[in-house]
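# Structural description and commentary
The chain contents come next:
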Amino acid sequence: MSYVAMPALPADFLTALSNEQRAAVTASDKYIRVIAGPGSGKTRVLTSRIAHLCTHGGVWPYEVLAITFTNKAAKEMQNRLAKVLGRVRARQIAAGTFHSFCVQVLRRFIEDLGCGYTSSFMIYDQGDAQAAFMQAVKETDAYKQLDNKDQRKQMLRTATKLLDDVSNIKNNAPSCFQKRGHQVVDAHERFLIRTGGKMPWANNLEMHDLAQAYDMYQAILRDNRALDFDDLLSGAVAVLQKVPGARQQLQARFKHILVDEFQDTNMAQYELVRLLTGEQGSLFVVGDPDQAIYGWRGAVVANMRESFLKDYAGAITLNLRDNYRSTPEILLAAERALGCASSMSPDRQPLVPIKASGPRVEIITGEDDREEAQVVIDKMKQLHGGREGVAYKDMAVLYRIHTLQRCMEEPLVRGGVPYIVVGGTKFWDKKEIKDVLAFLRLTASLEDGVALERIINVPVRGLGAKGVANLKAWAKEQGQSLGAALFAGHRRARLTADLNNLEGLPDLPPAKQLGLKAQAHAKVELFRRAIVRARCLTEANIPLDTVIIELLEDLDYEQHIFSGGCGGGDGKSDTYKLRWSNVQQLRAKAGDYSEDRPQGLDALRGFLDEVALLTDADSEKAEQAEGVRLMTVHAAKGLEFKVVFIVGCEEGILPRVWEDQLPEDLDEEIRLGYVGVTRAEERLYLCHAQSRALYGEWSRKSTDVSRMLAAHTSGQLKAMMAKTTQAAHATSSRGPYDPSDPEIALRRRRHGEGRSWRNEARAASRLVTGSCDLPCFT
Ligand SMILES: Nc1ncnc2c1ncn2[C@@H]1O[C@H](COP(=O)(O)OP(=O)(O)OP(=O)(O)O)[C@@H](O)[C@H]1O
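Residues numbered from 1 in each chain as written. Predicted model: local features only at pLDDT ≥ 70, side-chain atom pairs only at ≥ 80, totals over all residues. Heavy atoms only, no water.

An unreviewed UniProt entry lists the protein chain under the name DNA 3'-5' helicase, from [Myrmecia] bisecta. Its UniProt record, at the heading Sequence similarities (unreviewed entry), says of the protein chain: "Belongs to the helicase family. UvrD subfamily." (UniProt positions renumbered as here; feature names shortened; annotations may be inferred.)

## Quick word on the overall build of the protein chain
Of regular secondary structure, the protein chain possesses 34 helices and 20 strands. Long-range contacts, defined here as pairs at least 24 residues apart, represent 78% of the contacts in the protein chain between residues at least 6 apart. Of the roughly 32,500 Å² of accessible surface on the protein chain, a fraction of 50% belongs to carbon and sulfur atoms. (Helix = DSSP H or I, 4+ residues; strand = E, 2+ residues; numbered from the N terminus. Contact = heavy atoms within 4.5 Å. Areas by Shrake-Rupley, 256 points an atom, 1.4 Å probe, with all protein chains shown as cover.)

## Remarks on the nonpolar core
Core analysis: the biggest nonpolar cluster contains 139 residues, and Leu486, Phe527 and Tyr557 have the highest contact counts within it. In terms of residue count, helix H24 (residues 518-539) provides more of this core than any other element does, nine residues in total. In terms of nonpolar packing, the next biggest core, distinct from the first, is built from 41 residues, Ile293, Ile330, Ala341 and Ala396 among them. (Core = buried A, V, L, I, M, F, W, Y, C linked by side-chain atoms within 4.5 Å. Buried < 20%, exposed > 50% of the residue type's maximum accessible area, 1.4 Å probe, protein only.)

## Brief notes about the side chain of glutamate 329
With respect to the element layout, glutamate 329 can be found in helix H16 (residues 328-338). Among the polar contacts listed, one links the side chain of glutamate 329 to the side chain of serine 357, at a separation of 2.3 Å. (Polar contact = N/O pair within 3.5 Å; in protein donor to acceptor, adjacent residues only side chain to side chain.)

## Overview of the pairing of strand E6 (residues 256-259)
The alternating pattern of E6 places His256 and Leu258 on one face and Ile257 and Val259 on the opposite face, and all of these are buried. As paired strands, strand E2 (residues 64-67) and E6 are joined by four bridges and run parallel to one another. Paired with leucine 65 across the strands is isoleucine 257, a residue of E6. When E6 meets strand E7 (residues 282-287), the two strands line up parallel, connected through four bridges. Counted as the bridge partner of histidine 256 is serine 282 from E7. Taken together, E6, helix H14 (residues 267-277) and E7 form a β-α-β motif whose crossover is right-handed. (Pairing = 2+ DSSP bridges. Right-handed = clockwise from strand over helix to strand, strands pointing away.)

## Section: the pattern of salt bridges
In the structure shown here, the tally under the stated rule is 31 salt bridges. The shortest N-O distance in the salt bridge between arginine 274 and glutamate 271 comes to 2.9 Å. Placement of both arginine 274 and glutamate 271 in helix H14 is noted, with a separation of three residues, approximately one turn of the helix. According to the relative accessible area criterion, arginine 274 is partly exposed, its value standing at 35%. (Salt bridge = Lys/Arg side-chain N within 4 Å of Asp/Glu carboxyl O.)

## Here we look at the pairing of strand E11 (residues 362-366)
Judged by how many residues are buried, E11 sits mostly within the fold: five of five residues are covered. Of the two faces of E11, the one holding Glu362, Ile364 and Gly366 and the one holding Ile363 and Thr365 are both buried throughout. Both E11 and strand E18 (residues 680-689) contribute to a ladder of five bridges, which runs parallel. What sits directly across from threonine 365, in E18, is histidine 688.

## Concerning a positive patch on the surface
Taken together, the side chains of Lys75, Lys83, Arg87, Arg91 and Arg597 define a basic patch exposed on the protein surface. Examined against the element boundaries, arginine 597 turns out to sit in the loop between helix H27 (574-595) and helix H28 (601-612). (Patch = residues over 30% accessible without salt bridge, like charges linked within 9 Å, V, L, I, M, F, W, Y side chains within 5 Å. Lys, Arg positive; Asp, Glu negative; His and termini not counted. Charge placed at Lys NZ, Arg CZ, Asp CG, Glu CD.)

Below, the structure written as structure tokens:
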């Protein structure tokens, strides 16, 4: 597998570019939009343009802001640039994701907004936000009015979905920071009317209930001095809108802004870029509307398609059409998949393969999902053990939904094929890691109620729900949050000379006053002292990893894991060793992070920020480790593999189809298929099962083959394929891709003669009537 090899930039980096890439790198226009197909070298272009600006354009590195899709991409970009500019200059380039950039803006300017937040705010990740939102929903009238327990449960279950709505609302109403719920919901409604979207929450809560939940949720965040991911964006937008000094400072610094994956920007991100660019800045955006796959989380493809040209007078458009990644056969499959969409960009340009012809795209048909998986695994073994000797790490299995991961895992284990799940249960989502992070968050912010709630009874302190409720009631009596009440007087605490103990921390009130049993009371006191001691050690600039060792020892956390407190048996089992080694890894990561930085609370907060801002694509799986990669198509965005298997190419799975689906949602599913197909460099296998059990169903149900796969195999396309591939294959030593190949024909028959091929026909007719351009392989 290559996690898209970034180009090493030699001093003469311009010569390594194609003509169209060089045109994009050297263009001197102020506003540039580059529409770049998959595999066309966006990353190379972005990196080279920055190098060019700094070496030939008289630009200082610190004047450049590069917004990348992942933090990892930003780091790699800086490493490559170091080869041209030198490490010191490369480090001056501000490169990161939208969220990490916004955190920096907010740490510096949030107090100027006068919204009550200080620069030491915490960042709530998805899990924390969900916990806070559950609490908020419970406070709504709609919830309280339900007297039926099942209905209440149902409402809480849908709260996760509602949180997505809230997230979309925030992202589509860029001026919403700290506004009231009804204003924000109204703004979102106007946005939806304007863009023809539908009200996502209508079947769950009325609008005023949603507005109320929104207000409650924001209040919980405020009380905990926390911001969620979406607040980071809208907060930074608010800074740029309302703090003229900040805006001027940032505009004066970032004279050259470059944004990758522009098709996936939401309204808040678009507005942020607009404000940062101002009148004077230059803006270079790269993206591909055909790979827009994040509409469901608020991305607005029109930002790239239309708004950019309207908002930036004199903007030019350049195209990168050459595809360096995939064989013509794979690109043909990609074009066909995309041809199933009901609409496409009017300005889209077909991909041009640079690679020579390769093996044909194969269809794998299983009678059921077990057989599908088995055939895939047999194929992997054959490729690995055969003449080509393809390494397992160069193969990927992509799927639309996580459930399909499980169908693959067991046969992989049985077949002795090593594999790595990318973006599955991530290191950072493991229970023990979440616990330790909650201890650290509480250390950094003693009022963080969500972190406190998670670990108030971890390791077990005999509190139970009643004990916690009594503690909360006690805090409420004093008009304080639980954190504020528990840690009151912490400022008076001092470390003893040997750093082992605390002096001056006032004791908790007696057990009776807190409504606790004596033993629980004593344990809460120990817990409290452990956290305050960790805080004092941090403030005394003790290295972060040492603070973690001390804290976990004070809390006796290893014993907690040893005795199965995190699940998975007692100390004899491997689970204990695994969990404890995860904790050790976390400690080491904290040590690495803080190694060349000043210690103290800022280092702790910086480390927690970095962790909170990790994305799936920042996955830390060792890139060189052997093993087939398993991941969703979303997680595969931006990656490339020699061999790709897309499993579950069935209607309802890829594309996912649901009731009331809007045509644009279906088109996004089709684009997702296109993204999947274009990850393959040399070999592509489109796989499906004729019957499948999904979502815990006991029996397998028969399936319809995906329209994208059907479009690929359609007989009606044969003539066109022959015509369009002729030129491309003229220079190839191998024969052209031939769908009439007996092997495929056999598989198709096996798939079921007489089956309704309505999807195939529908897709084919769209192509035949020419509603999409076929690739120009000339
Ligand atoms: N001028 C070039 N010469 C040779 N190889 C190139 C050139 N430009 C790009 N490549 C290679 O093409 C592959 C695809 O490049 P890259 O991953 O940057 O594409 P991309 O446009 O970001 O694709 P996607 O949008 O699909 O993620 C990489 O392996 C890259 O090294």
